[in-house]
Amino acid sequence: MMSAAPLPSHAEIVIVGGGVIGCAIAYHLARRGKRDVLLLERRQLTHGTTWHAAGLVGQLRSSRNLTRLMQSSARLYRILERETGQSTGWHGVGSLRIAASRARWDELKRSATAAKSFGFELHLVSPAEAARLYPLLEARDIEGAAWVPSDGFVDPASVTQALARGARNGGVTIREGVRVTGFARRGDRITAVRTELGDVGCDVAVNAAGMWGGEVGAMAGQSVAVCALEHQYAVTEKIAGLPADLPTLRDPDGRFYAKPEVGGLAVGGWEDTTPSFGRGGIPRDFGPELLPGDWERFAPIGEAAIARIPAFGGTGIKSMINGPIPITADGEPIMGRMPNVANLFIACGFTSGIAAAGGAGEAMANWIVDGDPGLNLFAFDVLRFGDVQAAPAFLYARAVESYASYYAIAWPGHEPASARPARTSPIYDLLVHAGAVHGSKFGWERPNWFARKGEPRGEAPDFARPSWFDAVGREHRAVRDGVALVDMSSFTKAEITGRGALAGLQRLAANDLDRAPGTILYTQLLNVRGGIEADLTITRLTQDRFYLVTGSAYGPHDLAHVQTHMPRDGGVEVSDATTRFGVLNLCGPLSRDVLSAATDDDVSNVAFPYMRARWIHIGFARVLALRVSYVGELGWELHVPVDYMRHVYTRLHAIGERHGLADVGYRAVSSLRLEKQYLYWGADITPDETPLEAGLGWNVAWKKGDFVGKAALERQREAGVGRRLAWFMAPGEAPWHGGEAIVVDGRVIGLTTSAGFGYTLGRSLACGYVPADLAVDATVEIEAFGERRVVERLPGPPYDPKGARLRA
């Protein structure tokens, strides 16, 4: 039914989509004092996918910030009914996640350690205690369970209406029955939202259209990696004697969940073969409606549920709820500011939208009002995706796999199997022939490790010693003792050129880029809080030409950050050079022997010192050689035009054969960098950490003039930091992967951000943030899987602390 009343001619902020996410954003914008907000819903509130959601609210996630987001939702749902007078159906009954296998029990113990480091209440309980908490449970074959007393569930439609009432009370206008048809643009800005009732001018537009997010994004000329899949759950008849305070239950080994539902149970799960929905376009007038139930597809879930909850098998099924749900290529939602459109925000693809909405709405309101969500949300950021993830063939294949993996054990080093290979370097087939076992990063096939002839290439992950452990050690030693090649073609590369390039980059970078051409600068790009938005190298090629190199998956994020801060009056061009150049990292103490034999150019230490760049010839190819290293050894990044990659690779291999040149993968690189205490953006440093906290104060050019984040850093330098990144070492092989609790005197003081085994040292290494005033000689322990190890705190890199090998 179309809305008859005319729309306003202008609103400061227009939100497209009236599901739980759109209403949560409107609610929090009102809380931030924004009154001139218009929410447009094509039918009625909740009529997309919100109304048939299961409504579970689970809070513990893989990181502190994502957990905080979910905690914000639970806190809001506890008070929202009292605040608005609108029922939400909140039941704070807690949740029970059971482990029916030893591997799952290890995962729960790992989660408990992470929860402890987050300050989140989670209890590991015995099978008997699990049965007491959930009287319907068949617990004789389980290892134990995790009990979260603050979890619960809501009625999705009711909580959405409560958020909408709260938004209206704060001055927001909500219009139902208004179909959005497009956007008017001027340059890189949306000037109006177009609807069937006319245009509405706006300063900010928000795409909160759920599974229609891709269609709405396309209206603004943007590719959005969101689609829809079918998800179903069965609702039983009433079960006699069902406890009123029965918790929600998750049995990930059985791949199902259960929650109380009007005296019965709602039971659903995450199967392998769920169908896609709307791949050719969602029907124009779809919703609110359901799809036919698929009992055959539900059968394995139902059988697992009967075995775990016998009462489920003895109760009639009242209905099968099968409806589309939004999902992305990695199963996580999309949030943030869209690239290339300065005032278009997005919040779509929430598979667990009810659990996330309260916190996500708050973060989005902060993003819109402050330009920053207030915490690192890169795992949800729209800028973690590029064009490859939005390609339908990739998107749907990876979405189905992500859906099926929702309850899979989160093995360290696990790689997706679908939508591969997508992006490959020119030497991909040569590496496969050489034994490469590839992983997938941003659609790229990257060599993780190499199997010798006759060795199996299959991967058997493990929390302690995975199948690739020895192979990675072999490659690690090849870099330390000899010479190796690493295909790093997936690096994001960009050129920043023009008369304003230096001034723009100087305003953005914490380091001083006004150096002689040929200089490589390692630098951080900061936000206004002083947090690290990017960690990369920038090479000055000529006076007005700079070459930026960053991680494979960080291109859209980092380049958007650069473009946002370049002068608006022109004079600067930022061009992506990723597919123009492949990259071969030639590294190890014998790397100069190989390179000098492959080129007529002088690559001696005098002619070609550390952190310098030069064009050289290798065979027929003109190559940009950067003398820089992420492994702590003499070496060069060779940036090779893609049409010469095979030639350069085969030439280096032919020359390097007499030196024992080895192909090496990224898992060895990870181990090598830990021994040098090199940092990894997204784990060790994020937008939440500053250079001073991360031990990177030496890399800040305090005297060069103003730059983004400098004022915040100066305040922090004057006041002193409250925490610092510390490094730790322990004998032998510890089952550390990042996310372990750092403990002093029985109290959790932090969590590890990175961890692994140092093959040169024969020891386990980890780092994490600890209070700045922690005594150097304090006894520190790291807890993993419920067990603690006393660790040594390191004053500096345990391998080549002065960097002599790098500069040799």
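Refer to the preceding data block for the structure.
Everything numeric in this text was worked out from a predicted model, so none of it was measured.

**Some words on the overall build of the chain**
And then number 1: Within the chain, the secondary structure is distributed over 19 helices and 38 strands.
And then number 2: Relative to the compact-globule value of 28 Å for 808 residues, the chain shows a C-alpha radius of gyration of 27 Å, a close match.
And then number 3: Each of the 808 residues in the chain was classed as buried or not, and the buried ones make up 61%.
And then number 4: Summed over all atoms, the accessible surface of the chain reaches about 30,300 Å², with 50% contributed by carbon and sulfur.
And then number 5: Across the chain, the centroid of the 86 positively charged side chains sits 3 Å from that of the 88 negatively charged ones.

**Re the packing of aromatic side chains**
And then number 1: Summed over all chains, the structure comprises 19 aromatic pairs.
And then number 2: Taking 5.2 Å as the distance between ring centres and 80° as the angle between the ring planes, the aromatic pair formed by F378 and W681 counts as edge-to-face. Taken together, the residues F378 in the loop between α9 (353-370) and α10 (387-390) and W681 in the loop between α18 (666-676) and α19 (710-719) connect sequence positions 303 residues apart.
And then number 3: The interplanar angle of 70° and the centroid separation of 5.9 Å between the aromatic rings of F608 and W636 together place this pair among those described as edge-to-face. Of this pair, F608 sits in the loop between α16 (591-598) and β29 (613-618) while W636 sits in strand β31 (residues 635-641), placing them 28 residues apart in sequence. Like F608, the residue W636 is buried in the burial classification.
And then number 4: Taken together, W270, Y403, Y406 and Y407 form an aromatic cluster joined through their ring pairs.
And then number 5: Just above the ring of F385 sits the side chain of R384; from NZ or CZ to the centre is 4.2 Å.
And then number 6: It is R723 that lies over the ring of Y769; its NZ or CZ is 4.7 Å from the centre.

**As for the pattern of salt bridges**
And then number 1: According to the stated counting rule, one finds 45 salt bridges in the structure shown.
And then number 2: Of the charged contacts in the structure, one is a salt bridge between R31 and E83, with a shortest N-O distance of 3.9 Å. You can see R31 sitting in helix α1 (residues 20-31) and its partner E83 sitting in helix α2 (residues 64-84), a full 52 residues away along the chain.
And then number 3: For E83, a relative accessible area of 40% puts it in the partly exposed group.
And then number 4: A network of salt bridges, in which partner residues are shared, links K116, E781, E783 and R788.

**Concerning the sheet that holds strand β34 (residues 741-744)**
And then number 1: With antiparallel pairing, six strands are arranged side by side around a closed barrel as β33-β36-β35-β34-β37-β38. The average undirected angle you get between the axes of adjacent strands in this sheet is 45°.
And then number 2: Its contacts with the sheet place helix α3 (residues 102-118) against β34, β35 (747-758), β37 (780-784) and β38 (787-794), and it is angled at close to 130° to β35.

**Side note on the sheet that holds strand β22 (residues 484-487)**
And then number 1: A sheet is described by the order of its strands in space; here six strands give the open sequence β29-β30-β31-β28-β22-β32, paired in mixed fashion. Every other strand in the sheet has two partners, leaving β29 and β32 (662-663) as the edge strands with one partner each.
And then number 2: By the bridge criterion, two bridges tie β22 to β32 in an arrangement that is parallel. The residue of β32 that forms the bridge with L485 is D663.
And then number 3: Relative to the sheet, α16 contacts β28 (581-587), β29 and β31, its axis offset from that of β31 by approximately 35°.

**Notes on the packing of α2 against helix α5 (residues 156-169)**
And then number 1: For the pair α2 and α5, the least separation of the axes is 10 Å and the interaxial angle reads 55°. It follows that α2 is oblique to α5 by the angle criterion. Crossing of α2 over α5 shows left-handed handedness. Here α2 contributes L76, Y77, L80 and T84 to the contact with α5, which in turn contributes V159, A162, L163, R165 and G166.

What counts as what
- Residues numbered from 1 in each chain as written.
- Predicted model: local features only at pLDDT ≥ 70, side-chain atom pairs only at ≥ 80, totals over all residues.
- Heavy atoms only, no water.
- Helix = DSSP H or I, 4+ residues; strand = E, 2+ residues; numbered from the N terminus.
- Rg over C-alpha atoms; globule rule 2.2 N^0.38 Å.
- Buried < 20%, exposed > 50% of the residue type's maximum accessible area, 1.4 Å probe, protein only.
- Areas by Shrake-Rupley, 256 points an atom, 1.4 Å probe, with all protein chains shown as cover.
- Lys, Arg positive; Asp, Glu negative; His and termini not counted.
- Charge placed at Lys NZ, Arg CZ, Asp CG, Glu CD.
- Phe/Tyr/Trp six-rings, centres within 6.5 Å; stacked < 30°, edge-to-face > 60°.
- Lys NZ or Arg CZ within 6 Å of the ring centre and 35° of its normal.
- Salt bridge = Lys/Arg side-chain N within 4 Å of Asp/Glu carboxyl O.
- Pairing = 2+ DSSP bridges.
- Axes fitted to C-alpha atoms, helices over the stretch in contact; angles between N-to-C directions.
- Contact = heavy atoms within 4.5 Å.
- Parallel < 35°, antiparallel > 145°, perpendicular 65-115°, else oblique.
- Left-handed = near helix turned anticlockwise from the far one by under 90°.

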